[in-house]
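Chain and residue survey
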Amino acid sequence: MKQKVVLAYSGGLDTSVAVHWLTKVKGYDVIALSLDVGQADTDFEAIKERALQAGAVDVVIEDAKEEMTGEYVLPSLMSNALYEGKYPLVSALSRPLIVAHLIKTAKEFSASAVAHGCTGKGNDQVRFEVGALALDPYIDVIAPVREWNMTREDSIKYAQENELPVTATKDRIYSIDENLWGRAIECGILEDPWAEPPSEVFSYTAIDGSESVKEVVIGFEQGVPKSINGKEMTLVDLINELNVLAGGCGFGRIDMVESRRVGIKSREVYECPAALALTMAHQDLEAMTLERDVLHEKLRLEPRFADLVYDGLWFSPLREALSAFMSSTQKYVTGEVRMRFGPGPIGKVIGRRSDVGLYDYNLATYDEADSFNHEDAKGFVRIFGLGIATWAKRQTAAKGK
Ligand code: ARG
């Protein structure tokens, strides 16, 4: 009997060629797995047909949008995770989810291997393979694109020669990865970091024409976004709605040079309207609701969380421990944040309120309502500065005066 492999199948050129190659060259029965993670305009029936035509013995399609938001996006949002201070980990968050489904499907089909369509130059191969090792250290992982050594032209030729039903042509220049947390665009002219991204690369933030400005109130409960303008909705719907709302004004683009795990600096363009808006709102609400020491410690750990996820270590003891810490801080991150988007790329928080917030008007005000004890401040400041005063007297030019 032939060995089975479960391939993460997107329906694109590389993974279609991979189905054929794994079958003909490697002698596997290929099970193609496609997940709905909220990528726009995807026809899963067509994807299924393409996989079968390329030679897959079975195709598994699953709606993973809720799992994506609940299990991956939310813990990342609670950590305000932005890799290198900018990138909300769009692709890095979907990879562990895909890995979990690959391993689950491999068990269901008694497959001995899983496979992915990543090249040897990117982060995604690391995320797939380290993730697979974490969930099943005994499974084989195959990376056809890394093994077969074909250029993009070669794979197009391979597809044509073997009558594989792919739609890619030579002028499909961009490599795009998307889910509801955002869209990553690479290749083509974008590989010149000096060149401005042409407007054709954008879709989530395609500006709707006018000088559009929108105001929204985002409601959070214990760190979880729950409502927009008072209307409660699921996290999937809320993210989709914000993508349209903030993205429609032109908010959410990121253009950066990024440090890949494999040592390459790459120029990356992203569109992440909802991810950036929710991160800004969540950070703002935390500033109001988290006690100072907790807030400062959290701010220190957030970049560590982002690095781990970026590096493919979602399934790792440190990521889990950090998530446990992050979750424990969210108990009182409840309240509302007002934001304004547009015109164009502008997006900002313009107000916030919380019944459990630590902002106390009577303590903060300079008006008559002031309840702060100014007398107490005098002794506090003297003692706080005592060490500095001693240093100045003994060890600076003020010495001996
Ligand atoms: N550089 C980004 C990351 O590592 C985006 C990767 C996009 N993947 C792709 N196959 N186009 O997360």
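To start, this report covers the structure provided alongside it. (Residues numbered from 1 in each chain as written. Predicted model: local features only at pLDDT ≥ 70, side-chain atom pairs only at ≥ 80, totals over all residues. Heavy atoms only, no water.)

1. Some details on the overall build of the protein
Convention followed: Elements are defined by DSSP. Helices are runs of H or I of four residues or more, strands are runs of E of two residues or more, and each kind is numbered from the N terminus. Partly exposed describes any residue whose relative accessible area lies between the buried limit of under 20% and the exposed limit of over 50%, with all areas from a 1.4 Å probe on protein chains only and scaled to the type maximum. Contacts were defined at the residue level, with two residues in contact if any of their heavy atoms lie within 4.5 Å. Positive charges come from Lys and Arg, negative ones from Asp and Glu, while His and the chain ends are left out of the count. By convention, the point assigned to a charge is CZ for Arg, NZ for Lys, CD for Glu and CG for Asp.
A tally of regular secondary structure across the protein gives 14 helices and 14 strands. Going through the 401 residues of the protein one by one, you find that 50% of them count as buried. Considering only contacts within the protein whose residues lie at least 6 apart along the sequence, 72% involve residues at least 24 apart. Distance from the positive charge centre (44 side chains) to the negative charge centre (60 side chains) of the protein: 7 Å.

2. A word on the packing of helix 3 (residues 65–78) against helix 8 (residues 235–249)
Applied cut-off: Lines are fitted to the C-alpha atoms to define the axes, a helix being fitted only along its stretch in contact, and any angle between axes, read from their N-to-C directions, falls within 0 to 180 degrees. Small angles under 35 degrees read as roughly parallel and large ones over 145 as roughly antiparallel, with 65 to 115 read as roughly perpendicular and the rest as oblique.
Packing of helix 3 against helix 8 brings their axes to within 9 Å, and their N-to-C directions diverge by 85°. Judged by the angle between their axes, helix 3 and helix 8 are roughly perpendicular. On the side of helix 3, the interface is formed by K65, E66, T69, V73 and L74, while helix 8 contributes L235, V236 and I239.

3. A word on the pattern of salt bridges
Keep this limit in mind: When a carboxyl oxygen of Asp or Glu is within 4 Å of a side-chain nitrogen of Lys or Arg, the pair counts as a salt bridge.
Scanning the entire structure with this criterion turns up 22 salt bridges. Salt-bridge contacts for D29 lead to K2; the nearest nitrogen and oxygen are separated by 3.6 Å. With D29 in strand 2 (residues 29–36) and K2 in the segment before strand 1 (4–8), this pair connects stretches of sequence that are 27 residues apart. For the salt bridge of R300 with E297, the shortest nitrogen-to-oxygen distance reads 2.6 Å. With R300 and E297 both in helix 10 (residues 292–310) and three residues apart, this pair spans about one turn of that helix. A relative accessible area of 57% means that R300 is categorised as exposed. When salt bridges with common partners are traced through the structure, they connect R95, D124, R127 and D177 into a single cluster.

4. Considering the site of the ligand
Put simply, the test is: Whether a residue is near a molecule or strand depends on its heavy atoms: if one lies within 4 Å, it is near. Whenever a nitrogen or oxygen atom comes within 3.5 Å of another N or O atom, the pair is scored as a polar contact, on the condition that within protein one atom can donate a hydrogen and the other can accept it, and that pairs from neighbouring residues in sequence are kept only if both atoms are in side chains. Throughout, the Shrake-Rupley method with a 1.4 Å probe supplies accessible areas, and for residues the shown protein chains are the sole cover considered.
Y87, N123, D124, R127 and E258 are the nearest of the 14 residues found near the ligand. Here an oxygen atom of the ligand sits 2.6 Å away from a polar atom, N or O, in the side chain of Y87. One of the side-chain nitrogen or oxygen atoms of S175 is found 3.1 Å away from a nitrogen atom of the ligand. With the chains in place, 88% of the 350 Å² that the ligand exposes on its own is no longer accessible. For the shell around the ligand, the elements supplying multiple residues, two or more each, are helix 4 (90–108), helix 5 (124–135), strand 6 (175–179), strand 7 (182–186) and strand 12 (265–271).

5. Topic: the sheet that holds strand 11 (residues 253–259)
Defined as follows: Two strands pair under a simple rule: DSSP has to find at least two bridges between them.
Spatially, four strands are ordered 6-7-12-11 in an open sheet, and the strand pairing comes out antiparallel. The two strands at the open ends of the sheet, each matched to only one other strand, are strand 6 and strand 11. The average angle at which neighbouring strand axes cross in this sheet is 25°, direction not considered. Sheet topology places strand 11 next to strand 12; seven bridges connect them, and they run antiparallel. Residue pairing across strands places S259 opposite K265, the latter belonging to strand 12.

6. Some words on the pairing of strand 6
Both strand 6 and strand 7 contribute to a ladder of five bridges, which runs antiparallel. For I176, the partnering residue across the bridge sits in strand 7 and is I185. Hairpin geometry of strand 6 and strand 7 is characterised by an intervening segment of two residues between the two adjacent antiparallel strands.

7. Focus on the state of the cysteines
This is how the line gets drawn: Any pair of cysteine sulfurs within 2.5 Å is marked as a disulfide.
On inspection of all chains with the given rule, the structure shows zero disulfides. Not part of a disulfide, C272 finds its nearest cysteine sulfur in C249, a span of 16 Å.

8. Overview of the packing of aromatic side chains
Spelled out, the test is: The criterion for an aromatic pair is that two Phe, Tyr or Trp rings (for Trp, the six-membered ring) have centres within 6.5 Å, with stacked assigned to planes under 30 degrees apart, edge-to-face to planes over 60 apart and tilted to the rest. Only lysine NZ and arginine CZ atoms are considered, and such an atom sits over a ring when it is within 6 Å of the ring centre and within 35 degrees of the ring normal.
Taken as a whole, this structure holds eight aromatic pairs when the rule is applied. Residues W21 and W148 carry aromatic rings whose centres are separated by 5.8 Å and whose planes lie at 75° to one another, so their mutual orientation is edge-to-face. With W21 in helix 1 (residues 13–24) and W148 in helix 6 (residues 144–148), this residue pair connects regions lying 127 residues apart in the sequence. Take W21 and W148: they sit in the same class, and that class is buried. Following the ring pairs from residue to residue traces out a cluster consisting of Y83, Y87, Y270 and Y310. Seen from the ring of Y310, R127 lies directly overhead, with NZ or CZ sitting 4.9 Å from the centre. Between R253 and the ring centre of F202, over which it is positioned, the NZ or CZ distance is 3.6 Å.

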